[in-house]
Amino acid sequence: MVMALPPPLSSKSFAEVVSGNRAESIDLKEPSVYRGEPAVIFSEADILSLSFSSPFKFALVGKFSHGCPALSDIRKVLESFDPKAPFTVGLMDNKHILMRFNHEDDFHRIWLREQWFVMRFPMRVFKWTYEFRIDAESALAPVWVSFPLLPINFLKKESLFSIGKTLGQPLKMDSATVDLTKPSVARVCIEMNLLKKFQARIWIGCGLNGFWQRVLYEKVPKYCSKCFKKGHEVFECKIDGGFKISQGNLKEFQGSHKDEQ
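Residues numbered from 1 in each chain as written. Predicted model: local features only at pLDDT ≥ 70, side-chain atom pairs only at ≥ 80, totals over all residues. Heavy atoms only, no water.

Caption draft 1: A look at the side chain of histidine 232. Positionally, histidine 232 belongs in the loop between strand S15 (229-230) and helix H7 (250-260). On the accessibility criterion, histidine 232 (18% relative accessible area) is buried. Histidine 232 has contacts with Lys222, Tyr223, Cys224, Cys227 and Cys237, leaving out every residue within four places of it along the chain. (Helix = DSSP H or I, 4+ residues; strand = E, 2+ residues; numbered from the N terminus. Buried < 20%, exposed > 50% of the residue type's maximum accessible area, 1.4 Å probe, protein only. Contact = heavy atoms within 4.5 Å.)

Caption draft 2: Examining the nonpolar core more closely. Core analysis: the biggest nonpolar cluster contains 21 residues, and Leu60, Met99, Phe101, Ile110 and Val125 have the highest contact counts within it. Residue assignment for this core shows that the elements contributing at least two residues are helix H3 (71-79), strand S4 (87-91), strand S5 (96-101), helix H4 (104-111), strand S6 (115-118) and strand S7 (121-127). The contacts of leucine 60, once residues within four sequence positions are left out, are Ile97, Leu98, Met99, Phe101, Phe107, Ile110, Trp111, Val125, Phe126, Lys127 and Trp128. Within the second largest apolar cluster, 18 residues are counted, among which are Phe147, Phe154, Leu167 and Met173. (Core = buried A, V, L, I, M, F, W, Y, C linked by side-chain atoms within 4.5 Å.)

Caption draft 3: Here's a closer look at a nonpolar patch on the surface. Taken together, the side chains of Val40, Phe42 and Leu50 define a hydrophobic patch exposed on the protein surface, amounting to about 270 Å² of accessible area. In this fold, phenylalanine 42 is placed in the loop between strand S2 (37-39) and helix H2 (44-51). Residue classification places phenylalanine 42 among the partly exposed positions, given a relative accessible area of 41%. (Patch = residues over 30% accessible without salt bridge, like charges linked within 9 Å, V, L, I, M, F, W, Y side chains within 5 Å. Areas by Shrake-Rupley, 256 points an atom, 1.4 Å probe, with all protein chains shown as cover. Salt bridge = Lys/Arg side-chain N within 4 Å of Asp/Glu carboxyl O.)

Caption draft 4: The arrangement of the packing of aromatic side chains in detail. Counted by the stated rule, this structure contains eight aromatic pairs. Each member of the aromatic cluster is reached from another via a ring pair, and the members are Phe58, Phe107 and Trp111. Of note, arginine 187 hangs over the ring of tryptophan 144, and the distance from its end group to the ring centre comes to 4.5 Å. Sitting above the plane of the tryptophan 212 ring, arginine 201 keeps its charged end 3.8 Å from the centroid. (Phe/Tyr/Trp six-rings, centres within 6.5 Å; stacked < 30°, edge-to-face > 60°. Lys NZ or Arg CZ within 6 Å of the ring centre and 35° of its normal.)

Caption draft 5: Structural detail: the sheet that holds S5. Strand order across the open sheet formed by five strands is S4-S5-S3-S7-S6, with antiparallel pairing between neighbours. If you trace the sheet from one side to the other, it starts and ends with S4 and S6, each paired once. Each strand of the sheet is rotated relative to its neighbour by a mean of 30°, with strand direction disregarded. In this structure, S6 lies alongside S7, joined through four bridges in antiparallel fashion. The residue of S7 that forms the bridge with valine 118 is phenylalanine 121. Relative to the sheet, H3 contacts S4, S5 and S6, its axis offset from that of S4 by approximately 150°. (Pairing = 2+ DSSP bridges. Axes fitted to C-alpha atoms, helices over the stretch in contact; angles between N-to-C directions.)

Caption draft 6: Inspection of the pairing of S7 at higher detail. Of all the seven residues making up S7, six are buried; the element is thus mostly covered by neighbouring parts of the structure. Where strand S3 (residues 59-63) meets S7, four bridges bridge the pair, whose relative direction is antiparallel. Note on S7: the bridge partner recorded for lysine 63 is arginine 124. Between the end of S6 and the start of S7, which pair antiparallel, lie two residues, with methionine 119 showing a positive phi angle near 60°.

Dropping the structure here:
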């Protein structure tokens, strides 16, 4: 009786065998050591590249502070707005969900609304960034900005977005500005950092000349730099040991706060 011999053992390692089946290779970071313990080091450029890649380019975080509905119910509500492209929804913890959109219009439509209701649960929406933390709400917010009496030759997307970029990241123009049905004022929605000073005017250079353009902000959300939450300012914060201010001294505080800015 002739017995079959077992196949010869491969001289390749398991990692080599697996990598040989991959369609493309990936560039792995070399292991490192930090304070005597294993570590891996990513550069700032690496972090930015990972953060702005396609899976996260149009990512939003939904926060439920008073109970969270089922993911299936959240998907149904988002689908009811007839999105232009497929999207995904995933649970981050018992209060936060991650929504990833594939179309910029869907991303803007959800983010530009301050609050949504899913079933009976209110959901506030924040832009996801690589600095996102579960225990801190993002200071980035979409703010509608008006430029009254801006010369009409500037009422084009390229020029308006260039003007808006001096304040933040332009997102979109309102329909009246696009259609020139209200040329007395240009309105642009701009992604702004609520912790930074909001400029009252900007200089628009026109060759050797130029002019100061007045800037108006609509419904700017409040943000507390003490507890990192939206909805109130520092002097209204209820954290123990936080800054307390009486109603009588409120105007004095607000005046000094503006001077500091």
